[in-house]
Protein chains: 2
Amino acid sequence: MSEKTTEQAATTKPFSFKLLKTEGMARRGEITTPHGKVRTPAFMPVGTQATVKAMYPQQVRDLGADVVLGNTYHLMLRPTAERIAKLGGLHKFMGWDHTILTDSGGFQVMSLSGLRKMTEEGVTFSSHHDGSKHFMSPERSVEIQGLLGSDIQMQLDECIALPAERSEVERAMQLSLRWAERSRNQFESMGGPQKGQGLYGIVQGGDVPDLRIESAQRLGELPMEGYSVGGLAVGEPQAVMLKMLEITTPAMPNDKPRYLMGVGTPEDILESVARGIDQFDCVMPTRAGRHGLAYTRFGKVNLKNARHSEDPRPLDEESQCEAASKYSRAYLHHLVRVNEGLGAMLLTWNNLAYYQYLMQGIRDAIDEGRFEEFRQQTKEDWARGDLEPYVWS
Amino acid sequence: MSEKTTEQAATTKPFSFKLLKTEGMARRGEITTPHGKVRTPAFMPVGTQATVKAMYPQQVRDLGADVVLGNTYHLMLRPTAERIAKLGGLHKFMGWDHTILTDSGGFQVMSLSGLRKMTEEGVTFSSHHDGSKHFMSPERSVEIQGLLGSDIQMQLDECIALPAERSEVERAMQLSLRWAERSRNQFESMGGPQKGQGLYGIVQGGDVPDLRIESAQRLGELPMEGYSVGGLAVGEPQAVMLKMLEITTPAMPNDKPRYLMGVGTPEDILESVARGIDQFDCVMPTRAGRHGLAYTRFGKVNLKNARHSEDPRPLDEESQCEAASKYSRAYLHHLVRVNEGLGAMLLTWNNLAYYQYLMQGIRDAIDEGRFEEFRQQTKEDWARGDLEPYVWS
């Protein structure tokens with residue numbers, strides 16, 4: 001890894017996005033950050049507390065991840081952004097020499113922290129660890145992300161749960177636009193563009209089409225390096241999410257990356273790529289791996305189920321990932337059943353391998369002008385479902 | 001790994017032990033089992049439930065382990081010995097193609113299970129999982145170990161806590177001798193010797209010198225492939241344990257491997273090698289790794305301690321193990337503090353690496369006739385202690 005660090009740290013290229021190929025709304029692209037290139041469409045494993053849970057950093061890289069996500073809310077509380085900065089930044093701290101994207105912290109301030117008071121200026125909240133008081137504003141969020149040394153930073157926004165009244169959706173959307181501008185000013189005053197880093201604005205507007213369009217268009221007038229779609233996958237049906245994407249992405253700049261935050265299942269990802277999305281993150285593959293669930297080419301497999309207890313077959317013998325091809329379902333079932341750490345390690349590994357395999361498949365298909373065919377085939381494979389139970393002869 | 005499997009599975013050599021070199025009582029040797037060679041003195045990582053906790057099997061192998069231990073008590077309850085046999089045996093089940101040693105299950109029947117009734121015939125006990133009733137006898141223990149396909153099997157014995165009355169120590173020692181004979185008969189009736197497997201008898205006798213000697217001598221009359229020292233490291237001071245070893249090992253056969261069960265700290269191991277022991281197992285390196293404790297050349301380091309919170313230095317920059325040389329103490333502290341699985345993964349890796357490094361050092365030193373020097377130097381390093389706290393300039 002060390003040669004790469006040196007080579008990549010030396011780059012001073014500006015943040016950039018190249019659109020390489022399209023098929024319908026699906027896009028194949030490449031983002032350049034201070035820590036290398038990100039092939040899109042990209043899935044970004046979540047490394048909440050400066051670690052992709054139950055994985056060594058090199059394993060994550062070897063699966064084909066070009067970028068991982070860090071959570072500003074968690075890191076600002078422990079070990080704190082200032083401490084990470086003192087120790088040389090998040091890349092060095094967590095042993096990940098490739099691109100890092102950080103969220104603004106806003107989503108978790110809303111969902112995890114205690115007492116909150118929100119004003120135009122920002123949010124005062126208390127830590128879920130020890131109740132200590134903290135203040136988060138658009139400026140402070142970008143400051144923290146700068147201290148972490150994040151390559152792709154997010155503006156602070158307000159994300160509300162659905163369903164919600166139109167007036168409430170509109171208020172949060174307008175506030176998010178004002179916060180986008182303040183975030184941009186902070187990012188530029190910190191020299192983010194000169195460092196080759198990027199700041200993404202976040203489209204809000206809930207499930208209200210005209211608000212989504214207004215948000216996307218007005219955000220597009222700000223000179224961001226990329227644009228996120230926020231406030232989806234927060235409880236609404238998949239059909240609503242996809243409908244919103246169909247309305248939103250055409251109103252977003254064509255020459256900048258588009259990131260759908262917190263999404264999703266393999267099917268969510270495939271269908272969102274078909275609607276013009278380039279970047280994804282989700283805790284599903286890692287969290288599911290810690291709960292006995294495996295993603296495979298043929299859908300989801302629940303290893304807790306007793307049907308696997310004497311099944312000598314691996315999860316997927318054709319997988320390039322050892323976790324999928326080398327260990328029997330019976331062994332995985334045993335590990336999950338007795339709550340052994342290796343169960344979480346192997347299933348997380350398998351799941352991230354599957355997600356990266358899916359993304360590589362998507363990228364290859366767009367490259368070769370057969371994304372539509374790939375999409376149909378992939379959905380057929382999922383529909384086929386898992387193997388029949390094993391029968392001992 | 002697969003090439004090795006084939007090669008090793010094909011061997012039909014009898015179980016053997018070669019004594020290669022000695023220095024004082026310290027011995028350098030080599031055990032041959034159906035799954036390869038075991039360089040002694042050897043430390044055997046504990047894989048209680050068919051996994052060395054928080055480690056991939058290949059990592060354990062890459063650290064230099066020739067043998068891991070499986071716990072009969074745990075495996076007979078979940079997933080059961082019969083199921084593992086159906087699936088091709090423990091080696092295949094857990095993805096470990098090298099030597100496996102199993103205990104008899106007796107120790108954990110005594111320490112973990114519920115209601116127990118002990119007779120000359122065996123022990124009836126209830127599972128700590130669900131209270132279900134089970135019966136364990138010398139014959140059943142060897143039967144289970146045969147079903148698992150264990151290369152090095154242990155007789156069922158009775159291990160009592162110290163301090164204890166002489167009469168109680170003697171009763172348990174005599175019972176263990178009768179059980180050794182029954183275990184041997186079962187092992188031979190199952191064709192263990194023809195399969196190249198070994199059965200070890202277990203010396204008991206508590207902290208009573210003449211009982212230890214009697215146990216060792218009478219056990220030595222049975223044609224076992226190796227001999228264990230049981231009933232030590234059960235609460236007595238280290239000095240008592242070492243004294244018992246000084247009395248016991250000279251009474252044990254010289255041409256067979258000697259295994260000190262459940263021991264111990266690095267110092268216990270070094271001092272026990274100096275008293276003629278060849279094999280060790282202990283949960284310390286793995287358990288400590290899950291509790292924020294690291295073993296290094298300079299003693300034990302508690303990563304929970306706040307002194308590490310801003311320390312950019314690795315645990316030991318000269319270590320060959322990435323867990324020790326690549327990650328900062330500050331990062332390890334953070335992972336332990338926020339209870340991330342990667343913390344347990346890295347510290348377990350570090351600890352097993354240190355234990356294997358120590359064993360390799362011991363073996364090289366005996367090979368080169370400088371064990372005594374190595375022993376002194378190693379103890380001086382431990383006494384030096386860990387680095388001074390880091391000071392930021």
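Positions within a chain are numbered from 1, following the residues in the order the chain's sequence is written. Think of it this way: whatever chain is written first is A, whatever ligand is written first is 1, and the rest follow in order. Totals for whole chains, interfaces and linings use all residues, but because this is a predicted model, local features are given only for residues with pLDDT of at least 70 and pairs of side-chain atoms are given and counted only at 80 or more. Excluding hydrogens and water, the side-chain figures rest on all heavy atoms present in the structure.

An unreviewed UniProt entry annotates chain A as Queuine tRNA-ribosyltransferase originating from Pseudovibrio axinellae. UniProt, in the comment section headed Sequence similarities (unreviewed entry), describes chain A in these words: "Belongs to the queuine tRNA-ribosyltransferase family." UniProt positions are given in the numbering used here, feature names are shortened, and annotations may be inferred rather than shown by experiment.

A. Geometry of helix α9 (residues 209-220) of chain B. Residue and element names in this part refer to chain B. Under the 1.5 Å per step criterion, the end-to-end length of α9 is 16 Å for 12 residues, consistent within 8% with the ideal 16 Å. Burial status follows relative accessibility: with a 1.4 Å probe on protein chains alone, a residue under 20% of its type maximum counts as buried, one over 50% as exposed, and anything between as partly exposed. The way it works is that DSSP assigns letters per residue, a run of H or I at least four long becomes a helix, a run of E at least two long becomes a strand, and they are numbered from the N terminus. Residues of α9 that are buried include every one of Leu 211, Arg 212, Ser 215, Ala 216 and Leu 219, and no others. Buried residues of α9 fall within an arc of 130° about the axis and therefore sit on the same side. When checking whether two residues touch, look at their non-hydrogen atoms; a contact exists if any pair is within 4.5 Å. Next to the buried residues of α9 lie α8 (166-189), β11 (198-203), β12 (226-229) and α10 (238-248). In a helix, the anticipated span is given by 1.5 Å times the number of residues less one. Taken from the helix axis, the directions to the C-beta atoms give the arc we talk about.

B. Representation of the UniProt feature "binding site: substrate" (unreviewed entry) in chain A within the structure. Residues and elements named next belong to chain A. Here the UniProt-annotated "binding site: substrate" (unreviewed entry) positions come out as Asp 103, Ser 104, Gly 105, Gly 106, Phe 107, Asp 157, Gln 204 and Gly 231. The residue Ser 104 is located in the loop between β6 (99-102) and α6 (106-111) in this model. Ignoring sequence-local partners within four residues, the contact set of Ser 104 consists of Thr 72, Met 136, Ser 141, Gln 145, Met 154, Gln 155, Leu 156 and Asp 157. Position of Gly 106 among the secondary structure elements: in helix α6. Note on Gly 106: relative accessible area 4%, which makes it buried.

C. Focus on the interface of chain A and chain B. Each partner contributes residues to the interface: chain A has 36 residues there, and chain B has 36 residues. When two parts are put together, the accessible area they lose, computed with a 1.4 Å probe and summed over both, is reported as buried area. For the pairing of chain A and chain B, the buried interface totals around 3500 Å² over both sides, and the portion due to carbon and sulfur atoms is 59%. The largest contributions to the chain A side of the interface with chain B come from Tyr56(A), Lys86(A) and Glu340(A), which together make up 18% of the buried area. Between Lys or Arg on one side and Asp or Glu on the other, a salt bridge is scored when a side-chain nitrogen of the former is within 4 Å of a carboxyl oxygen of the latter. At the junction of chain A and chain B, the tally comes to six salt bridges. Close ionic contact of Arg83(A) with Glu310(B) constitutes a salt bridge, the shortest N to O distance being 3.1 Å. Throughout this description, a polar contact denotes any pair of N or O atoms lying within 3.5 Å of each other; where both atoms belong to protein, one of them has to be capable of donating a hydrogen while the other can accept it, and for residues adjacent in sequence the pair is counted only when both atoms sit in side chains. Where chain A touches chain B, the interface holds 14 residue pairs in polar contact (both at pLDDT 80 or more). Listed by contribution, the elements that provide at least two residues to the side of chain A that touches chain B are α2 (57-62), α4 (81-86), α5 (90-94), α14 (329-337) and α15 (341-367) of chain A. Split by residue class, the side of chain A that touches chain B holds 21 nonpolar, six polar and nine charged. Classification convention: Asp, Glu, Lys, Arg as charged; Ala, Val, Leu, Ile, Met, Phe, Trp, Tyr, Cys, Pro as nonpolar; all other residues, Gly among them, as polar.

D. Geometry of the nonpolar core. Among buried residues, those of type Ala, Val, Leu, Ile, Met, Phe, Trp, Tyr and Cys that are joined through side-chain atoms within 4.5 Å constitute a nonpolar core. Of all hydrophobic cores here, the largest spans 197 residues; its most connected members are Ile362(A) and Ile362(B). Other than its neighbours up to four places away in sequence, Ile362(A) contacts Pro41(A), Ile269(A), Leu270(A), Val273(A), Phe371(A) and Phe374(A).

E. Highlighting the relation of the copies chain A and chain B. When the copies are superposed, the least-squares fit draws on C-alpha atoms of residues that have pLDDT of at least 70 in both. Note on the copies: chain A fits chain B at an RMSD of 0.0 Å, the axial shift is 0.0 Å, and the rotation between them is 180°. Interpreted geometrically, this transformation is the action of a two-fold axis. For chain A, the minimum C-alpha distance to the rotation axis belongs to Gly341(A) and amounts to 4.0 Å. Both copies contact each other with a shared surface, as 100% of the interface residues of chain A are interface residues in chain B too.

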